[in-house]
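Residue strings, one per chain:
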Amino acid sequence: MDPFADTLQRLREAFGSGCTRPAEFRAAQLKGLSRFLQENKQLLQEALAQDLHKSAFESEVSEISISQNEINSALRNLRAWMKDEKVPKNLATQLDSAFIRKEPFGLVLIIAPWNYPLNLSLEPLVGALAAGNCVLLKPSEISKSTEKVLAEVLPRYLDQSCFAVVLGGPQETGQLLEHKFDYIFFTGSPQVGKIVMAAAAKHLTPVTLELGGKNPCYVDDNCDPQTVANRVAFFRYFNSGQTCVAPDYILCSPEMQARLLPALQSAITRFYGEDPQSSPDLGRIISEKNFQRLRGLLSCGRVAIGGQSDESDRYVAPTVLVDVQETEPVMREEIFGPILPIMNVRSLDEAIDFINRREKPLALYTFSNSNQVVKRVLAQTSSGGFCGNDGFMHMTVASLPFGGVGDERARDLRSRHLPTPGTRVNDQQVLAGCPGASGMGSYHGKFSFDTFSHHRACLLRRPGLEKVYALRYPPHTPRNLSV
Ligand code: NAD
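No experiment lies behind these values; they were computed from the predicted model shown. (Residues numbered from 1 in each chain as written. Predicted model: local features only at pLDDT ≥ 70, side-chain atom pairs only at ≥ 80, totals over all residues.)

Looking at the UniProt feature "active site" (unreviewed entry) in the chain
(1) Moving on: The UniProt record annotates "active site" (unreviewed entry) at Glu210 and Cys244. Spatial clustering of the annotated residues is evident: they stretch over 35 residues in sequence, but the largest pairwise C-alpha distance comes to 9.3 Å.
(2) Moving on: Of the residues examined, Glu210 has 28 C-beta atoms within 10 Å and is grouped as buried.
(3) Moving on: Setting aside residues no more than four positions away along its own chain, Glu210 makes contact with Phe186, Thr187, Gly403, Gly404 and Gly439.
(4) Moving on: As for its placement among the helices and strands, Cys244 is situated in the loop between helix H9 (225-237) and strand S9 (247-252).
(5) Moving on: If we skip the residues at most four places from it in the chain, Cys244 touches Gly212, Gly213 and Leu362. (UniProt positions renumbered as here; feature names shortened; annotations may be inferred. Buried ≥ 20, exposed ≤ 12 C-beta atoms within 10 Å, placed from the backbone. Contact = placed C-beta atoms within 7 Å. Helix = DSSP H or I, 4+ residues; strand = E, 2+ residues; numbered from the N terminus.)

What follows is the structure in structure tokens.
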């Protein structure tokens, strides 16, 4: 028996009825989402604390208010976003009406991960509902407490003929993906992203894939080490490092490394105290499996700061690793935990080359007092997003798109690299072992609305004027060809 068939049929019928199309209906759903957040704030904070030991501050800024802002922005702009967009016309269509109509796709599937289990469910949901779709949400089964609130409480705030939550892990999601959807929005690992894309391909369903990130953070010699250390430590250890856009590793000169280490130690102690395990502000690793994976990474290079772990508490100390080799697992896989390796480079050119030899990252960070250095890194690399002199603040700006950038260029560079005589074997191994791409498509603010809308090309011509139209019909004599 197919456990999803009835729900899918209900949602399809609702979409077919046209009930999601009016602006009033969409606004009512968005207001429902807003009430869900306001009336269940404490419940949500408790769930996030149970799942990830998130502090009230982290839950507020990175889960609740960020989702609320997205709802507010959609409510404010809904009618403007829905408006037909007039476009310039050519000579033959001067008397006609040409415009782009934003239509809902239909039934949208949203699959969410566990690291920001509320925000990464709600932010795409806002866009999908604003665009007039029916939505099936599949939250992560790993962040169990938040999953429970999303499944049991959220539907009460939305029209249940148009929205549903389904539960399940890999097996159930695999079964769900056998069905045809009109759009699939997936946030998660590159490995599962490939499974989702392959399943979507069977139905030619369009997808957005928000995937992983091994995000480089270049620190120029010309900057204040303490300021950089504060900012990098804050964004690296936020949510205990389990953030797709967290700075994943530092690239800097050996001289800058020597200045950064005491500054990073000072920032970590100021943020989390002498015993970070007892800090209410440091999260925990989501699962035993991820804890064991991270514990394994602690043996890469040499521990310069931190390095402690406690299995009973799924605690990993804020850690900095030095003397790390490119071929070690910590430089080959997305870290997704509170571990920050430092790789040494001798120059800006070497840093840029290092970055360009890997998959295009989800985010790229550059710290320098020199605008020129920041602009050079920006100009000579590619990434989903970029932030100069800070961590992932670019993703808080709703007027900027948020998303990855696939892996075409890295593959290009890889194929250029591998056959070149003299290429070090190490390079080949590193490149072959790089984590997957950062994804495709983008969202946030109006970009979400556009992502979840089909942009329909419309031209309305006149029923009359047949004498003019007739000039194009055969037979094509020299007379009508010259017109
Ligand atoms: P994941 O890929 O393991 O799981 C994501 C979702 O896919 C979950 O809902 C899960 O139930 C489902 N899933 C897992 N295995 C599946 C399978 N075999 N078939 C079908 N569905 C399956 O990712 P995760 O561990 O939840 O999250 C961590 C990853 O997500 C990291 O790589 C991180 O970088 C990435 N991420 C990306 C963003 C972004 O915006 N780009 C945001 C957060 C997390």
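Details of the UniProt feature "domain: Aldehyde dehydrogenase" (unreviewed entry) in the chain
(1) Moving on: In the numbering adopted here, UniProt assigns the feature "domain: Aldehyde dehydrogenase" (unreviewed entry) to residues 12-406.
(2) Moving on: Taken end to end, residues 12-406 is 43% helix and 18% strand, and its two terminal C-alpha atoms sit 31 Å from one another.

Here's the deal with the site of the ligand
(1) Moving on: Not every one of the 29 residues close to the ligand is listed here, only the nearest: Pro113, Gly188, Val192, Gly212 and Cys244.
(2) Moving on: For the shell around the ligand, the secondary-structure elements that each account for two or more residues are helix H7 (170-176) and helix H8 (190-203).
(3) Moving on: Take the shell around the ligand: its biggest share by element is three residues, from H7.
(4) Moving on: When grouped by side-chain class, the residues that make up the shell around the ligand number 13 nonpolar, twelve polar and four charged. (Near = placed C-beta within 6 Å. Nonpolar A, V, L, I, M, F, W, Y, C, P; charged D, E, K, R; others polar.)

A few points about the packing of helix H3 (residues 41-52) against helix H4 (residues 56-82)
(1) Moving on: Direction vectors running N to C along H3 and H4 enclose 110 degrees, while the axes themselves pass 10 Å from each other. The orientation of H3 with respect to H4, classified from their angle, is roughly perpendicular. Touching Lys41, Leu44, Gln45 and Leu48 of H3 are Ala56, Ser59, Glu63 and Ile64, all from H4.
(2) Moving on: Split into classes, the residues belonging to the contact of H3 with H4 amount to four nonpolar, two polar and two charged. (Axes fitted to C-alpha atoms, helices over the stretch in contact; angles between N-to-C directions. Parallel < 35°, antiparallel > 145°, perpendicular 65-115°, else oblique.)

Here's the deal with the pairing of S9
(1) Moving on: Of all six residues that make up S9, six are buried, and the element is covered over most of its length.
(2) Moving on: In this structure, strand S8 (residues 215-219) lies alongside S9, joined through four bridges in parallel fashion. Following the sheet pairing, Pro216 is matched in S9 by Tyr249.
(3) Moving on: Handedness of the β-α-β unit built from S8, H9 and S9 comes out right-handed. (Pairing = 2+ DSSP bridges. Right-handed = clockwise from strand over helix to strand, strands pointing away.)

Remarks on unusual backbone geometry
(1) Moving on: Note that the residue after Pro474, namely Pro475, is joined by a cis bond; omega there is 0 degrees.
(2) Moving on: Of note, the phi angle at Asp323 is positive, near 55 degrees, even though the residue is not glycine.
(3) Moving on: In this fold, Asp323 is placed in the loop between strand S13 (319-322) and helix H12 (329-332).
(4) Moving on: Look at Phe336: it is not a glycine, yet its phi comes out positive at around 55 degrees.
(5) Moving on: Along the chain, Phe336 falls in the loop between H12 and strand S14 (339-344).
(6) Moving on: Here Phe336 falls in the buried class, since 26 other C-beta atoms lie within 10 Å of it.

Notes on helix H1 (residues 5-17)
(1) Moving on: With 13 residues, H1 extends 18 Å from end C-alpha to end C-alpha; this agrees with the ideal 18 Å at 1.5 Å per step.
(2) Moving on: Where H1 is concerned, the buried positions are Leu8, Leu11 and Phe15. When H1 is viewed along its axis, its buried side chains cluster within an angular range of 65 degrees and face the same direction. In H1, the exposed positions that point more than 90 degrees away from the buried face belong to Ala5, Asp6, Gln9, Gly16 and Ser17.
(3) Moving on: Those residues of H1 hidden inside the fold are in contact with strand S3 (107-111), strand S4 (134-138) and strand S5 (163-165).
(4) Moving on: Of the residues one or two after H1, Gly18 is the one with positive phi, at around 85 degrees. (Expected span 1.5 Å × (residues − 1). Arc of directions from axis to C-beta.)

Notes on the nonpolar core
(1) Moving on: Within the largest apolar cluster, 121 residues are counted, with the highest numbers of intra-cluster contacts made by Val108, Ile110, Val135 and Val219.
(2) Moving on: A per-element tally of this core places helix H5 (residues 119-130) first, with seven residues.
(3) Moving on: Those residues in contact with Val135 that lie beyond four places of it in its chain are Val108, Ile110, Leu125, Ala128, Leu129 and Phe163. (Core = buried A, V, L, I, M, F, W, Y, C linked by C-beta atoms within 7 Å.)

Section: H4
(1) Moving on: Residue Arg76 marks the point of greatest curvature in H4, where the axis turns by about 50 degrees.
(2) Moving on: Burial in H4 covers these residues: Glu58, Ser59, Ser62, Glu63, Ile64, Ser67, Glu70, Ile71, Ser73, Ala74 and Trp81. (Bend = angle between axes of the 7 residues up to and from the residue.)

Quick notes on the sheet that holds S13
(1) Moving on: Strand order across the open sheet formed by seven strands is S10-S13-S14-S9-S8-S15-S16, with mixed pairing between neighbours. Two strands close off the open sheet at either side, each with one partner strand: strand S10 (302-305) and strand S16 (385-388). Each neighbouring strand pair of the sheet contributes to a mean axis angle of 25 degrees, computed without reference to strand direction.
(2) Moving on: Sheet analysis places S10 next to S13, joined by three bridges and oriented antiparallel. Note on S13: the bridge partner recorded for Val303 is Leu321.
(3) Moving on: Contacts from H9 reach S8, S9, S14 and strand S15 (363-367), with the element oriented near 155 degrees to S9.

Considerations on the environment of Thr208
(1) Moving on: For Thr208, the location among the structural elements is in strand S7 (residues 207-210).
(2) Moving on: Note: C-alpha distance between Thr208 and Arg314 (106 residues apart in sequence) is 32 Å.
(3) Moving on: Ignoring any residue separated from it by four or fewer positions in sequence, one finds Thr208 in contact with Phe185, Met440, Gly441, Tyr443 and Thr451.

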